[in-house]
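Geometric and topological summary
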Amino acid sequence: MVHSAYDSFELLTDCPSKIESVESYGSKILLGCADGSLLVYAPESKRSATVPEIRKELYTLERNLKGFAKKAVVSMQVVESRELLLSLSESIAFHKLSSFEIIAVITKAKGANAFCWDERRGFLCFARQKRVCIFRHDGGRGFVEVKDFGVPDVVKSMNWCGDNICLGIRKEYVILNATTGAISEVFTSGRLAPPLVVSLPSGELLLGKENIGVIVDQNGKLRPEGRICWSEAPTEVVIQKPYALALLPRFVEIRSLRAPYPLIQTVVFRNVRHLRHSNNSVVIALENSVHGLFPVPLGAQIVQLTAAGNFEEALSLCKLLPPEESNLRAAKEGSIHIRYAHYLFDNGSYEESMEHFLASQVDITHVLSLYTSIILPKTTIVHDADKLDFGDDLNLSRGSSSVSDDMEPFPASNMSELDDSAELESKKMSHNMLMALIKFLQKKRHGIIEKATAEGTEEVVFDAVGKNFESSNSTRFKKINKGRGSVPVSSGAREMASVLDTALLQALLLTGQPSMAENLLRSLNYCDLKICEEILQEGSYHVALVELYKCNSKHREALELINKLAEESKASQSNIVHRFRPEAIIEYLKPLCETDPTLVLEYSMLVLESCPTQTIELFLSGNIPADMVNLYLKQHAPNLQSTYLELVLAMNEDAVSGTLQNEMVHIYLSEVLDWHGDLSSQEQWDEKVYTPKRKKLLSALESISGYNPETLLKLLPSDALYEERAILLGKMNQHELALSLYVHKLHVPELALSYCDHVYESTHKASAKSTSNIYLMLLQIYLNPRKTTKNYEKKISNILSPRSKSLRKVRSKSFSKTRSLGSRKIAAIEVAEDTKTSQSSDSGRSDVDTDEFIEEGDTSIMLDEALDLLSRRWDRINGAQALKLLPKETKLQNMLPFLGPLVRKSSEMYRNCSVVRSLRQSENLQVKDELYKRRKPVMKIGSDNMCSLCNKKIGTSVFAVYPNGKTLVHFVCFRDSQSMKAVAHGTPFKNPF
């Protein structure tokens, strides 16, 4: 016997007749006797009970109804909902429960051997020989026959299963459809024991086959693992949750209804005739006496089972405690789960143990106390002792400490010199313990982290609204060394989260799962910084240590560690080397660009030389201010400054300040000047050699507009870098000087022509006169090179000497005060010379003085280049002015490439203008003709014509006709209507005539 689930008590003895059937009604016991009498027994004491039920006391005979039936009362059933008593004797009779008066007798049931009652629908089903009949109670004294079916053999046992009926016939069990009479076989019955059909509270059926009770559903399908094995074949089975009681020849056997249906108790009885379930007990009828099996209180059973180590059964009984005892139930379940968990832990079932720790809702610190190798942070949490109070009969064993002591401490320093097999077994046991702990902590983690996050959010909200909450208890707020600043951490959820994550990290490392530990640190966690840092350093878990620093915002420590490992990787080839190359610093810095750009710049200098491209891409992708990056590069890596600025300008030139553009041009220029100085010292300078540095400078000078060309012009040497000088002069609108350099210094007419094209195309929206003068300016340079050279030297000296303009202003003022005629002439000459100079330097001048540039008999003119210019750009040059500039001795044949297309274009324009004029004249004639047609129609006004607006006769009044030629209105009405429309639309009235 496992424990006492029922207590036996003798209710009555010395029954005057042999007992054939038994039933209970409230606190009374009904006995059907062999002589056809009905004996009614009641408790000896007459005290009233709140709930009518079988009492645990002696019963005395209250009534003896002789002649209740003509023959022995084989079976009885009480229907309390209808106040009926069903009895089976020679037939089936219905009696009132109060007076036992016969209400009805089913005459067709004469000779019936079994019956069953459907409480829900009021259906009676009985078996007689090989027939099964169904009657319905109509609510009064009458019964109506519903169905009558034939069955293969005599029915020994029967019971309702939903809308069908399960029949136990001589050789098998079948399901009879109560509507159609269709029969479906279930399985064969036993040979030794008679068929037995018992209804279970779940709606399923328990079918007997020898000493095995098979559980099937309402359709007859076997339920997996649904087999109750009795000691012997039972003759009757009574169900009283959570137990099943079977009547065996020598005793009553009690088994649990929970798989695997273990034996609970056996109660020895001799000559037991029947078992009957009452509302609070099981009534056992012997031949001349009646006993009662009264269930032991659930609390007492739970204590027995727990003391005996049957924790599973104790937990199942806890679920049967009434709802009003929910607190007691929770306390008992928690206590049993904890004790069961310790029992399983001590016996090596670590995962099952953790499941019960989880169900007990015990603090994780209690579970972690079983693991001596796990280092926990100090907390201010005070545990409730009641949670661990298991009762006087409960003594927690800490035998697991011996197992924990065998665990390898972290880090492994000195292994005990044990036998190889014992050492392997110890490691396996330690590993299993830790794996179970990991699963336990992971299941608890979600809820604890959620509470910790909510706690932190509330604290931030309170700080934001200016509310400072202080507790009277000085231990209310503590600071956990988490590296998360000096935010006060309460002694609640966040401390528990710190304990959990710190323990989980250690367990993962002890079981050889560093990758899982890294994933833990990458997510939101509350690992204790000091403890975890020491553990990771001692175990050389560098990746996890970096993640620990990162999640605690210890970026400097993390970057220093990565840099140290990257330096060590240059000399070694370990597996960790690949994880910590210099690129790892760049990957770490990427998320910090927006939050801490200064830190990014500081530590990017560590890898700037080894990974220049990736570092600059980091600056660009991180949206770090370009001025800040440029300053850092200027101080630490000047050679990469130009590369960075190039990429920035390539991405978005408008977003770069003029200062950076100017600085980039200065960098290019300084490099080119250094290169020029080196070659000049070796007398190897060649103006036509273009290195990549010089090409970058030329490209920057042309494309960038944020620099000061005058400043750069003063830095150029006077005898070299003419193309750069020309570009700068072009930026200053000194087009004549720039073209002079292209023609006379570089001797590259193509560059001069390209320059003109660029100026023309960039200013093509301006007047044609101003844009075409750039080509006339080049033509002048070709045709008068000597004077152009003199003007270049003079003007370039004026540009490079910033004092010239101010001196001229002062000189002109002094001369204006002098009254002598000679002084006035000198001042006038100088002013005229200045005016002439300024006009020649202006690219937008419209007139060209031919006498100023053409010198007769000058043999150095570049006539071929001039004619080539005219032939290639004839459509952009004023032909009349160009002809004035050409020498008189120029042959007409040489001008054909220029004059030919020019004359053709002029002729074409003349013809086009003539065609346009003719078309306009024709259009004018068409309009006049249309006007004549519109005026030609005649409108006759008679005495019957009415105004469409005022509905009055037109008469001799002035009238108007609408364009359709039919609608007539007074002119006055028409004018008024137009005025109203104009006012309504807010526009002035327009007279259509």
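Basis of the calculations
- Residues numbered from 1 in each chain as written.
- Predicted model: local features only at pLDDT ≥ 70, side-chain atom pairs only at ≥ 80, totals over all residues.
- Heavy atoms only, no water.
- Axes fitted to C-alpha atoms, helices over the stretch in contact; angles between N-to-C directions.
- Helix = DSSP H or I, 4+ residues; strand = E, 2+ residues; numbered from the N terminus.
- Parallel < 35°, antiparallel > 145°, perpendicular 65-115°, else oblique.
- Left-handed = near helix turned anticlockwise from the far one by under 90°.
- Contact = heavy atoms within 4.5 Å.
- Nonpolar A, V, L, I, M, F, W, Y, C, P; charged D, E, K, R; others polar.
- Patch = residues over 30% accessible without salt bridge, like charges linked within 9 Å, V, L, I, M, F, W, Y side chains within 5 Å.
- Areas by Shrake-Rupley, 256 points an atom, 1.4 Å probe, with all protein chains shown as cover.
- Salt bridge = Lys/Arg side-chain N within 4 Å of Asp/Glu carboxyl O.
- Disulfide = S-S within 2.5 Å.
- Buried < 20%, exposed > 50% of the residue type's maximum accessible area, 1.4 Å probe, protein only.
- Pairing = 2+ DSSP bridges.
- Phe/Tyr/Trp six-rings, centres within 6.5 Å; stacked < 30°, edge-to-face > 60°.
- Lys NZ or Arg CZ within 6 Å of the ring centre and 35° of its normal.
- pLDDT = per-residue confidence, 0-100.
- Core = buried A, V, L, I, M, F, W, Y, C linked by side-chain atoms within 4.5 Å.
- Polar contact = N/O pair within 3.5 Å; in protein donor to acceptor, adjacent residues only side chain to side chain.

**Let's talk about the packing of helix α2 (residues 311-318) against helix α3 (residues 326-346)**
At their nearest, the axes of α2 and α3 sit 10 Å apart, and the two run at 165° to each other. Relative to α3, the element α2 is oriented roughly antiparallel. The hand of the α2/α3 crossing is left-handed. When α2 is examined against α3, the residues Phe-311, Glu-312, Ala-314, Leu-315 and Cys-318 are found in contact with a partner set consisting of Arg-329, Lys-332, Glu-333, Ile-336, His-337, Arg-339, Tyr-340 and Tyr-343. Of the residues that constitute the contact of α2 with α3, the class distribution is 7 nonpolar, 1 polar and 5 charged.

**Focus on the environment of Lys-550**
Among the secondary structure elements, Lys-550 is positioned in helix α11 (residues 542-551). Along the chain, Lys-550 and Leu-521 lie 29 residues apart, while their C-alpha atoms are 8.6 Å from each other. With sequence-adjacent residues up to four places away left out, Lys-550 is seen in contact with His-555 and Tyr-588.

**Quick notes on a nonpolar patch on the surface**
Taken together, Met-939, Ile-941, Phe-959 and Val-961 make up a surface patch of nonpolar side chains, about 260 Å² in accessible area. Position of Val-961 among the secondary structure elements: in strand β31 (residues 959-961).

**So, the state of the cysteines**
Within the structure shown, the criterion is met by 0 disulfides. Not part of a disulfide, Cys-133 finds its nearest cysteine sulfur in Cys-125, a span of 8.0 Å. Cys-133 gets classed as buried once you look at its relative accessible area, which sits at 0%.

**Quick look at the sheet that holds strand β2 (residues 19-25)**
The strands that make up a sheet pair up through hydrogen bonds in the backbone, lying either parallel or antiparallel. Reading across from one edge, β2-β3-β4-β5 is the order of the 4 strands in this open sheet, with antiparallel pairing throughout. On the outer flanks of this sheet lie β2 and β5 (59-65), each paired with one strand and no other. The average angle at which neighbouring strand axes cross in this sheet is 25°, direction not considered. Sheet topology note: the β2/strand β3 (residues 28-33) ladder contains 6 bridges and is antiparallel. Directly across from Ser-21, in β3, lies its bridge partner Gly-32.

**Some words on unusual backbone geometry**
The residue after Lys-241, namely Pro-242, is reached through a cis peptide bond having omega 5°. Among the structural elements, Pro-242 can be located in the loop between β22 (236-240) and β23 (243-247). Residue Pro-260 is bonded to the preceding Ala-259 through a cis peptide linkage, with omega at 10°. Looking at the secondary structure, you find Pro-260 in the loop between β24 (251-256) and β25 (263-268).

**Some points on the packing of aromatic side chains**
On inspection of all chains with the given rule, the structure shows 15 aromatic pairs. Grouping aromatic residues by their ring pairs yields a cluster made of Phe-94, Trp-117 and Phe-143. Its end group placed over the ring of Tyr-588, Lys-550 keeps NZ or CZ at 5.4 Å from the ring centre.

**Re the pairing of strand β28 (residues 290-295)**
Within β28, 5 of the 6 residues are buried, which leaves it mostly tucked inside the rest of the structure. When strand β1 (residues 6-12) meets β28, the two strands line up antiparallel, connected through 6 bridges. By the bridge assignment for β28, Leu-12 is matched with Val-290. As paired strands, strand β27 (residues 282-285) and β28 are joined by 4 bridges and run antiparallel to one another. From the neighbouring strand, Ala-285 faces β28, where its bridge partner is Val-290. Adjacent in sequence and paired antiparallel, β27 and β28 are bridged by 4 residues.

**Quick look at the pattern of salt bridges**
If you walk through the whole model with that rule in mind, you get 28 salt bridges. When the shortest N-O distance is used, the salt bridge between Glu-313 and Arg-258 registers 3.0 Å. Remark: Arg-258 occurs in the loop between β24 and β25 and Glu-313 occurs in helix α2; sequence separation between them is 55 residues. When its relative accessible area of 1% is taken as the criterion, Glu-313 is described as buried. Put simply, Lys-443 and Glu-355 hold a salt bridge, and the shortest N to O gap is 2.4 Å. Residue Lys-443 is located in helix α7 (residues 420-464), and its partner Glu-355 is located in helix α4 (residues 350-360); the two are separated by 88 residues in the primary sequence. Accessibility expressed as a relative area gives 46% for Lys-443, which makes it partly exposed.

**Thoughts on the confidence of the model for the protein**
Per-chain confidence: the protein averages 78 in pLDDT, with 81% of residues scoring 70 or above. Contacts from residues 467-490, a stretch scored under 50 in pLDDT, to residues over four places away or in other chains number 47 contacts. A low-confidence stretch, residues 803-859 stays under pLDDT 50, and its non-local contacts, those more than four residues away or across chains, total 57 contacts.

**As for helix α21 (residues 722-731)**
Burial runs high along α21: 9 of the 10 residues are buried. For α21, every residue scored as buried is listed here: Tyr-722, Glu-723, Glu-724, Arg-725, Ala-726, Ile-727, Leu-728, Leu-729 and Gly-730.

**Structural notes on the pairing of strand β9 (residues 102-106)**
When strand β8 (residues 92-96) meets β9, the two strands line up antiparallel, connected through 4 bridges. Across the sheet, Ile-92 pairs through a bridge with Ile-106, a residue of β9. Taking the residues between adjacent antiparallel strands as the criterion, β8 and β9 are bridged by 5 residues, where Phe-100 takes a positive phi near 60°.

**Quick look at the nonpolar core**
Core analysis: the biggest nonpolar cluster contains 147 residues, and Phe-357, Tyr-371, Leu-437, Phe-440, Tyr-644, Leu-739 and Leu-779 have the highest contact counts within it. Leu-245, Ile-254, Leu-293 and Leu-305 belong to the second-largest nonpolar core, a separate cluster that totals 28 residues.

**Concerning the environment of Leu-320**
Relative to the helices and strands, Leu-320 is located in the loop between α2 and α3. In the structure, Leu-320 is positioned 78 residues away from Pro-242 in sequence and 8.2 Å away in space, judged by C-alpha atoms. Excluding residues within four positions of it along the chain, Leu-320 makes contact with Pro-242 and Leu-298.

**So, the packing of helix α8 (residues 493-510) against helix α9 (residues 514-522)**
Contact geometry of α8 with α9 gives a least axis separation of 7 Å together with a crossing angle of 155°. Relative to α9, the element α8 lies roughly antiparallel. Between α8 and α9 lies a crossing of left-handed hand. Across the interface between the two elements, Asp-501, Leu-504, Leu-505, Leu-508 and Leu-509 from α8 touch Pro-514, Met-516, Ala-517, Leu-520 and Leu-521 from α9. Its residues assigned to classes, the contact of α8 with α9 comprises 9 nonpolar, no polar and 1 charged.

**A look at the side chain of His-3**
Counting through the fold element by element, His-3 comes out in the segment before β1. Reaching out from His-3, the side chain makes a polar contact with the side chain of Gln-301 at a distance of 3.1 Å. Discounting chain neighbours no more than four positions away, the residues touching His-3 are Tyr-243, Ile-264, Gln-265, Gln-301, Gln-304 and Leu-305.

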